[in-house]
Amino acid sequence: MLTLAGVNDENLIELSKQSGARIALRGDTLTMTGSAEAVNRAAPLARRMIDTAKQQMPLTADDVLRMSMEAPRDGNGTEDSQRIVLPGIRKVIQPKTSGQGEYLKVIAENDIVVGIGPAGTGKTYLAVAAAVDALSRKRVRRIVLARPAVEAGESLGFLPGDLQAKVDPYLRPLYDALEDMMPPERVQKSLETRTIEIAPLAYMRGRTLADAFVILDEAQNATNAQMKMFLTRLGVNSRAVITGDKTQIDLGRREESGLVQIERILPGIDGIGFHYLTESDVVRHRLVREIIKAYAEDAGN
C-alpha cells in the first residue's frame, strides 16, 4: 500500500491529476469517483500501478505519468516475457514504456541491435540487463562493455595514475549499471576472472569476441573506422548492442560518427535491428523529458 500511494500520496495525486477522478485509498481499498469518463481513464492506470506494487517494484509519480502517456496493455502477456529477473539481488527489471518494451524485443530477436535515442531512455541500462541475463542463463560465457574515450566538449587535461586509472572515468557509467544488477562481490570476481570486461573501444582492435554479449555505449563518438573495427570483432555465438545519442556527438565533425554511418548503410541486413527511443521513453526526472524537447525545438528553429 505504501508503494502504491507513494511518498505523501504523490502517486495517488498524480493518478487523480492525469485522470480527473478523485482517488482515495483506505486500508486495502482504492476508490475512484467522478464522471464515467474520468473513472474509465483512471481504472486501467490504477490496475497497472497495483500490478507494479505487487511485484515489489519501485513506483513514483514519474512512473504514473509515463503509464498515463502510454497505450493500454493488450493483455497478451508480452510484457511478462520482457521482464528480466536478476536472482542474485532479487530484482526484476522490466520496460517502463512501450518504446523500452519494443527495444528489449528487438534485442531478443537480433544478433546486432542499434539503439538510438536521447539521454535517460534506458538504452544502456536495458542492454546491460539483457547481457547480465544472458550470462546468468549461460547463453554466453562473458560480457564485454566498451566505450569510446572521448571528452564531452571539454579538455580534462592530465589525469594521474596508470592507463586503467586514466580511462576509468569514461567507463564509470558502465560500472554503475553493473553494480545495480549484480552483488558487488560478484561484479568484482567477474572483473578479475574477465568474465566481464569493461574497456575503451580502442582495446578491441585485433580481437575476436566469441561466445560474448558485447555492448558499445556512446557509439555516436566512435569514428567510422572504429565502428567498422568493432562490428568485425564479433565471433561465433556473439551478439552486440550499440547505443548512442546523435544529438551528443563530441567528435570534430558529425560525418565522422560511426553511428551516423551505420544508420545509413546497415538497415535491411537480416539479423541487424534498429530501434529508436524518444523523449517519451525518458525514465529520469520528468524535467529531463522537457529539457530534451526544448533542445530539439531550438535545433529546429
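Worth saying up front: this structure is predicted, and the values here are computed from it rather than measured.

## Digging into the overall build of the chain
In terms of regular secondary structure, the chain is built from 12 helices and 10 strands. The buried share of the chain, taken over its 301 residues, is 45%. Sequence separation of 24 or more characterises 66% of the internal contacts of the chain that already satisfy a separation of 6 or more. When the accessible surface of the chain is summed, it comes to about 15,900 Å², and 51% of that surface belongs to carbon and sulfur atoms.

## Points about the sheet that holds strand E5 (residues 112-116)
Two modes of strand pairing occur in sheets, parallel and antiparallel, and in both the strands are linked by backbone hydrogen bonds. Spatial strand order, E7-E6-E8-E9-E5-E10: 6 strands in an open sheet with parallel pairing. The open sheet has two edge strands with one neighbour each: strand E7 (196-200) and strand E10 (272-276). Strand-to-strand twist of the sheet, defined as the mean angle between neighbouring strand axes without regard to direction, takes the value 15°. When strand E6 (residues 142-147) meets strand E8 (residues 212-216), the two strands line up parallel, connected through 5 bridges. Counterpart to Leu145 in the pairing with E8 is Ile215. Contacts between helix H11 (residues 258-265) and the sheet are confined to E5, strand E9 (239-244) and E10, with E5 contributing the most and set at about 120° to the helix.

## Remarks on the pattern of salt bridges
Overall, the coordinates contain 14 salt bridges when judged by the stated rule. Glu255 is paired through a salt bridge with Arg253; the nearest N and O atoms lie 3.4 Å apart. By sharing partners, the salt bridges in this structure join Arg147, Asp217 and Glu218 into a single network.

## A short note on the side chain of Thr52
The residue Thr52 is located in helix H3 (residues 36-54) in this model. When near neighbours in sequence (up to four residues on either side) are disregarded, Thr52 contacts Met57, Pro58, Leu59 and Met67.

## Re helix H10 (residues 224-231)
Along an α-helix, residues three or four positions apart point the same way, because every turn accommodates 3.6 residues. Of the positions making up H10, those classed as buried are Met227, Met229, Phe230 and Leu231. Next to the buried residues of H10 lie E5, E8, E9 and H11.

## Let's talk about the packing of H10 against H11
Running from N to C, H10 and H11 cross one another at 65°; their axes reach a closest spacing of 8 Å. You can see that H10 and H11 cross each other, and the crossing is right-handed. Side by side, H10 and H11 meet where Asn224, Met227 and Leu231 of the first sit next to Gly258, Leu259, Gln261 and Ile262 of the second.

What counts, and where the lines are drawn
Residues numbered from 1 in each chain as written. Predicted model: local features only at pLDDT ≥ 70, side-chain atom pairs only at ≥ 80, totals over all residues. Heavy atoms only, no water. Helix = DSSP H or I, 4+ residues; strand = E, 2+ residues; numbered from the N terminus. Buried < 20%, exposed > 50% of the residue type's maximum accessible area, 1.4 Å probe, protein only. Contact = heavy atoms within 4.5 Å. Areas by Shrake-Rupley, 256 points an atom, 1.4 Å probe, with all protein chains shown as cover. Pairing = 2+ DSSP bridges. Axes fitted to C-alpha atoms, helices over the stretch in contact; angles between N-to-C directions. Salt bridge = Lys/Arg side-chain N within 4 Å of Asp/Glu carboxyl O. Left-handed = near helix turned anticlockwise from the far one by under 90°.

Keep in mind that these numbers describe shape and distance, not what the molecule does.
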